[in-house]
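Here is how the chains run, residue by residue.
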Amino acid sequence: MSMNTQGRPTGTGNVTSSPANGAALLPNEPLLFEIGDTEHSGVDLPDVSIKRDRLGGFSRTLPLDLAGLTEPEAMRHYVRLSRLNYSIDSGMYPLGSCTMKHNPRLNEKMARLPGFADIHPLQPVSTVQGALALMDQLAHWLMTLTNTAAVALSPKAGAHGELLGMMAIKAAQTARGEGHRKVVLVPESAHGTNPATAAFLGYSVKAIPARADGTVDVTAVREALSPDVAAIMLTNPNTCGLFEPQVIEIAEAVHDAGAFFYCDGANFNAIMGVVRPGDLGIDAMHINLHKTFSTPHGGGGPGAGPVVLSAALAPFAPVPFVQRTESGLELVEHSEGEALGRITAFQGQMGMYVRALTYMLSHGSDGLAQAAKDAVLNANYVKARLQTVFSVPFPDQPCMHEALFDDSFLNQTGVSTLDFAKALIDKGFHPMTMYFPLVVHGAMLVEPTESESKQTLDQFCDVMLELASDAIAGNMQNFLSAPVNAPRRRMDETRAARSPILKWEREEVVSEAAQ
Amino acid sequence: MTTKYTTDHEYIRVEGATGTVGITLYAQEQLGDIVFVELPSVGKVMKKGDEAAVVESVKAASEIYSPVSGTVTEINTALNGEPGLVNQDPHDGGWIFKIQLSTPTELDGLLGEADYAELTK
């Protein structure tokens, strides 16, 4: 019998055959530990002949305690799990403010080119000139599309980019001797990360109420401005799906007060190629490559949230960045003067850079503008078809890339926004964004993106209208019991939050603890 | 003993120089199931309107503001293990903290029973 380094015999051990009840297509998938046991190793490794400890006494002495499965067993577990999931590749994903657009397969092909995929961040710069050229081009087009003076590519996500943008503002004010500015204005219709970012940097947050039409009033901004205000963080188009009509006046008022204008670029897909945010007076804006530029949203990563900066903030851009020299492209890795240092290890998410630039180049400037216009058209189509039944809180102007509804059409039905969203799962669609933005009651925020055809939009609208008439007809039970056609039924969200189980424990440990 | 209300849906039940603070029946209904309550520390000195506690429900996290100025004298530690008390019994078992009032005249600026009922109609 061969033993691996953990002293475990090679073999299958007690492997539970997984898809119970012959449910090969909709498995009730157990955990890895419930499939295999921890007493065996599923991989046949040669016995170790060198007994000498070469880890300076740090080699593991406790059992590994991982389930020992063969490669096919492990593979099947994860593939079966993936079949329980819903993704943009399996159906429409109308999640508002998330821009769940199609991830073109051309992006994937380009990202797998060995010159991009197989390089190491510590490789000599002379051997990665192609990759640097790609970063340089991406930076160029991001600055061109936004009419800004500098860009930091390295932030790993939108919120990370937001943090960097606000750090640049803080650094600029400190350099000017205006470190006393401690207040950041955040309109109610802003993304939830905005106040969190400001608070994280030690600012106090002052909310600006939304007008009755869902937009920000420049008069309210002027009233809130004072010598203590460092910046405003405005989302445009805002989370009500509306373009801020007074954005230029707001920018002027903010600048006149000596403050900076941070724009949350999460909704850039609505205006990409049509409006350059630099022309509106922004000083910093992050761009979610996984939203606007079609890189995958992934299971929490890898993301990329580059930040563009105005001329006033450009000197504070962090390292690294690519610089052209006579001998080729160089990576500037050390900051000088007032610039911020690094905010990530290495250079950022190369694979996302490739995908985003592929999307840009395959569309061209006309194609990007067309994509933005189609995204707006699709959202307005959904709004127009649904507004006969659904309640539209801000009906007076066309929406941008997303259509917002509130729950007043469900009054007296006993069906909540949550119940409605669960019922949508049974009909084969991912739910819309719920209860956000907070400015309307029981919000439902639908963002179809430009990816969906009219046929798919019609299917979605038909289902939404069917559900609405079902709710209004008094069939409350259909909603309260939903979802029924999903791998899992309705979750007990209260119990999940009050007594979460965050760590798997072996059954005997759990029963011992109970005794 | 008298109970006053804020427009942010906190109540304060005053006995002598001490007030018991919590959120109203209406507020807990709006929030839905409460899953976590962050309590202030005993001895914390607060001004009227300062953030005193945080109540987290399945829907949202909401700050609880102190209805009056004073010093926290006692906190309802039962809420650590059983935050649902705020839903079941907001005015009694689900109280959040007790405060020694430093400026009792501030109570005059709060809402009475009838005014609060009007607000939440």
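Computed from a predicted structure; not experimentally measured.

J.: I'd like to hear about the overall build of chain B, residue by residue, with values.
T.: Of the regular secondary structure elements, chain B holds four helices and nine strands. In chain B, the succession of α and β elements from N to C terminus is β-β-β-α-β-β-β-β-β-α-α-β-α. In terms of overall size, chain B behaves like a compact globule, its C-alpha atoms giving a radius of gyration of 13 Å where 121 residues would be expected to give roughly 14 Å. Projected onto its principal axes, the C-alpha coordinates of chain B cover approximately 35 × 35 × 20 Å. Taking as baseline every contact in chain B between residues at least 6 positions apart, the subset at least 24 positions apart corresponds to 63%.

J.: Hey, could you go over the environment of Glu333(A) for me, with residue numbers and the actual values?
T.: Residues and elements named next belong to chain A. Mapped onto the secondary structure, glutamate 333 falls in the loop between strand 9 (328-332) and helix 10 (350-386). C-alpha of glutamate 333 to C-alpha of valine 319: the two residues are 14 residues apart in sequence and 5.4 Å apart in space. In contact with glutamate 333, not counting residues within four places along its chain, are Val319 and Pro320.

J.: Tell me about the environment of Pro500(A), and name the residues and values.
T.: All names here are of chain A. The topology assignment puts proline 500 in the loop between helix 14 (493-498) and helix 15 (507-514). Here proline 500 falls in the exposed class, since 9 other C-beta atoms lie within 10 Å of it. When the C-alpha positions of proline 500 and proline 318 are compared, they lie 39 Å apart, and in sequence the two are 182 residues distant.

J.: Break down the sheet that holds strand 2 (residues 10-15) of chain B for me, with residues and values.
T.: Residue and element names in this part refer to chain B. Strand order in the open sheet formed by six strands is 1-2-3-9-8-5, with antiparallel pairing between adjacent strands. The open sheet terminates on both sides in strands that have one partner only, identified here as strand 1 (2-5) and strand 5 (45-46). In this sheet, strand 3 (residues 18-23) lies alongside strand 2 in antiparallel orientation, the contact comprising six bridges. Looking at the pairing, isoleucine 12 lines up with valine 21 of strand 3.

J.: Outline the interface of chain B and chain A, supporting the account with residue identities and numerical values.
T.: Listed by partner, the interface residues are five residues for chain B and five residues for chain A. Of the residues assigned to the side of chain B that touches chain A, the class counts are three nonpolar, no polar and two charged.

J.: Describe the UniProt feature "domain: Lipoyl-binding" (unreviewed entry) in chain B, with residues and values.
T.: When the UniProt feature table is mapped onto this chain numbering, "domain: Lipoyl-binding" (unreviewed entry) sits at residues 18-100 of chain B. For residues 18-100 of chain B, helix accounts for 18% and strand for 42%, while the C-alpha atoms at its two ends are 5 Å apart.

J.: Quick rundown of the nonpolar core? Include the residues and the values.
T.: Counting residues in each nonpolar core, the largest one holds 119 residues, and the members touching the most others are Ile169(A), Ala231(A), Ile232(A), Phe261(A), Tyr262(A) and Tyr353(A). Both domain 1 (106-361) and domain 2 (370-498) of chain A contribute no fewer than three residues apiece to this core. Contacts of Ala231(A), omitting those with residues within four sequence positions, involve Met166(A), Ile169(A), Val184(A), Ala259(A), Phe260(A), Phe261(A) and Tyr262(A). Counting residues in each nonpolar core, the second largest holds 29 residues, with Val21(B), Met46(B), Val55(B) and Phe97(B) among its members.

J.: Can you tell me about the UniProt feature "domain: Aminotransferase class V" (unreviewed entry) in chain A, naming the residues and giving the values?
T.: Taking the numbering used here, the UniProt-annotated feature "domain: Aminotransferase class V" (unreviewed entry) corresponds to residues 182-298 of chain A. Between the C-alpha atoms that bound residues 182-298 of chain A the distance is 36 Å, and the span itself is 21% helix and 21% strand.

J.: Tell me about the sheet that holds strand 6 (residues 51-57) of chain B, and name the residues and values.
T.: Residue and element names in this part refer to chain B. One open sheet holds the three strands; their spatial order is 4-6-7, and the pairing between them is antiparallel. The open sheet has two edge strands, strand 4 (34-38) and strand 7 (61-65), and neither has a second partner. Ignoring which end each strand starts from, the neighbouring axes of this sheet average 25 degrees apart. As paired elements, strand 6 and strand 7 share five bridges and run antiparallel to each other. Across the sheet, the residue bridging to valine 54 is glutamate 63, located in strand 7.

Conventions used here
Residues numbered from 1 in each chain as written. Chains lettered and ligands numbered in written order. Predicted model: local features only at pLDDT ≥ 70, side-chain atom pairs only at ≥ 80, totals over all residues. Helix = DSSP H or I, 4+ residues; strand = E, 2+ residues; numbered from the N terminus. Rg over C-alpha atoms; globule rule 2.2 N^0.38 Å. Contact = placed C-beta atoms within 7 Å. Buried ≥ 20, exposed ≤ 12 C-beta atoms within 10 Å, placed from the backbone. Pairing = 2+ DSSP bridges. Nonpolar A, V, L, I, M, F, W, Y, C, P; charged D, E, K, R; others polar. UniProt positions renumbered as here; feature names shortened; annotations may be inferred. Core = buried A, V, L, I, M, F, W, Y, C linked by C-beta atoms within 7 Å. Domains from an automatic or database assignment. Axes fitted to C-alpha atoms, helices over the stretch in contact; angles between N-to-C directions.

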